[in-house]
Amino acid sequence: MTRVRRKRMHCNNKELHHKYKTKRRTKDLDQIEADLLPENKQRLLAQPEDEDLPGLGQHYCIECAKYYIDDRTLAEHC
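Remember, predicted model here, so these are calculated numbers, not experimental data. (Residues numbered from 1 in each chain as written. Predicted model: local features only at pLDDT ≥ 70, side-chain atom pairs only at ≥ 80, totals over all residues. Heavy atoms only, no water.)

Peer 1: Could you clarify how one ought to interpret the side chain of His59 in this entry?
Peer 2: Its location among the elements puts His59 in the loop between α3 (38–45) and β1 (60–61). Only 2.8 Å separates the side chain of His59 from the side chain of Asp71, close enough to count as a polar contact. (Helix = DSSP H or I, 4+ residues; strand = E, 2+ residues; numbered from the N terminus. Polar contact = N/O pair within 3.5 Å; in protein donor to acceptor, adjacent residues only side chain to side chain.)

Peer 1: Whenever I open this one, the packing of aromatic side chains confuses me. Can you help?
Peer 2: When we look at a pair of aromatic rings, we describe it by the centre distance and by the angle of the planes. Counted by the stated rule, this structure contains one aromatic pair. A centroid spacing of 4.6 Å and a plane angle of 50° characterise the contact between Tyr60 and Tyr67, whose relative ring orientation is tilted. A residue is classified by how much of its surface remains accessible, and Tyr60, at 7% relative accessible area, is buried. Take Tyr67: its relative accessible area is 24%, and that puts it in the partly exposed class. (Phe/Tyr/Trp six-rings, centres within 6.5 Å; stacked < 30°, edge-to-face > 60°. Buried < 20%, exposed > 50% of the residue type's maximum accessible area, 1.4 Å probe, protein only.)

Peer 1: Is there a simple way to explain the pattern of salt bridges in this structure?
Peer 2: A side chain of one charge can pair with a side chain of the opposite charge when the charged atoms of the two come close. Taken as a whole and assessed by the stated rule, the structure comprises two salt bridges. We note a salt bridge from Asp35 to Lys27, for which the minimum N-O separation is 2.5 Å. Here Asp35 falls in the buried class, since its relative accessible area comes to 8%. We note a salt bridge from Arg72 to Glu76, for which the minimum N-O separation is 3.0 Å. Taken as a pair, Arg72 and Glu76 lie in helix α4 (residues 71–77) at a separation of four residues, close to a single helical turn. (Salt bridge = Lys/Arg side-chain N within 4 Å of Asp/Glu carboxyl O.)

Peer 1: Would you explain the side chain of Asp35 in this entry?
Peer 2: Within the secondary structure, Asp35 is located in helix α2 (residues 29–35). Residue contacts for Asp35: discarding those within four places in its chain leaves Lys27, Asn40, Lys41, Leu44, Tyr60 and Ile62. (Contact = heavy atoms within 4.5 Å.)

Peer 1: Please clarify how unusual backbone geometry should be interpreted in this entry.
Peer 2: Note: most residues except glycine have negative phi, and most peptide bonds are trans. A positive phi angle, close to 60°, is found at Leu56, a residue other than glycine. Secondary-structure assignment places Leu56 in the loop between α3 and β1. Positive phi, normally seen in glycine, also occurs at Ala65, with a value near 60°. Structurally, Ala65 is set in the loop between β1 and β2 (66–67).

Peer 1: Would you explain the nonpolar core in this entry?
Peer 2: One broad trend across soluble globular proteins is that nonpolar side chains are buried collectively. Ile32, Leu44, Tyr60, Ile62 and Ala65 together form the largest nonpolar core, which totals five residues. Each residue touching Leu44, except ones within four places of it in the same chain, is listed here: Asp35 and Tyr60. (Core = buried A, V, L, I, M, F, W, Y, C linked by side-chain atoms within 4.5 Å.)

Peer 1: Before we go on, may I ask you to explain a negative patch on the surface in this structure?
Peer 2: A surface patch of like charges, here negative, comprises Glu49, Asp50, Glu51 and Asp52. Assignment of secondary structure puts Asp52 in the loop between α3 and β1. Assessed through its relative accessible area of 71%, Asp52 is described here as exposed. (Patch = residues over 30% accessible without salt bridge, like charges linked within 9 Å, V, L, I, M, F, W, Y side chains within 5 Å. Areas by Shrake-Rupley, 256 points an atom, 1.4 Å probe, with all protein chains shown as cover. Lys, Arg positive; Asp, Glu negative; His and termini not counted. Charge placed at Lys NZ, Arg CZ, Asp CG, Glu CD.)

Given below as structure tokens:
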């Protein structure tokens, strides 16, 4: 009898590839550019508290489109 092939069986799993490709998707540059407008900027900086976001959604960097845990880490990354 021959050996059963046990490796390289995941290359045709397209759903898995798509899931990992879009898992960490961030905003596009044109969306970030729209967020930098003054009326949108004030709305993003004064968001209501959300328990699902880091730092309750209160420490948001508009240029990076990222939430931070506290003001110190937000200031350090700039």
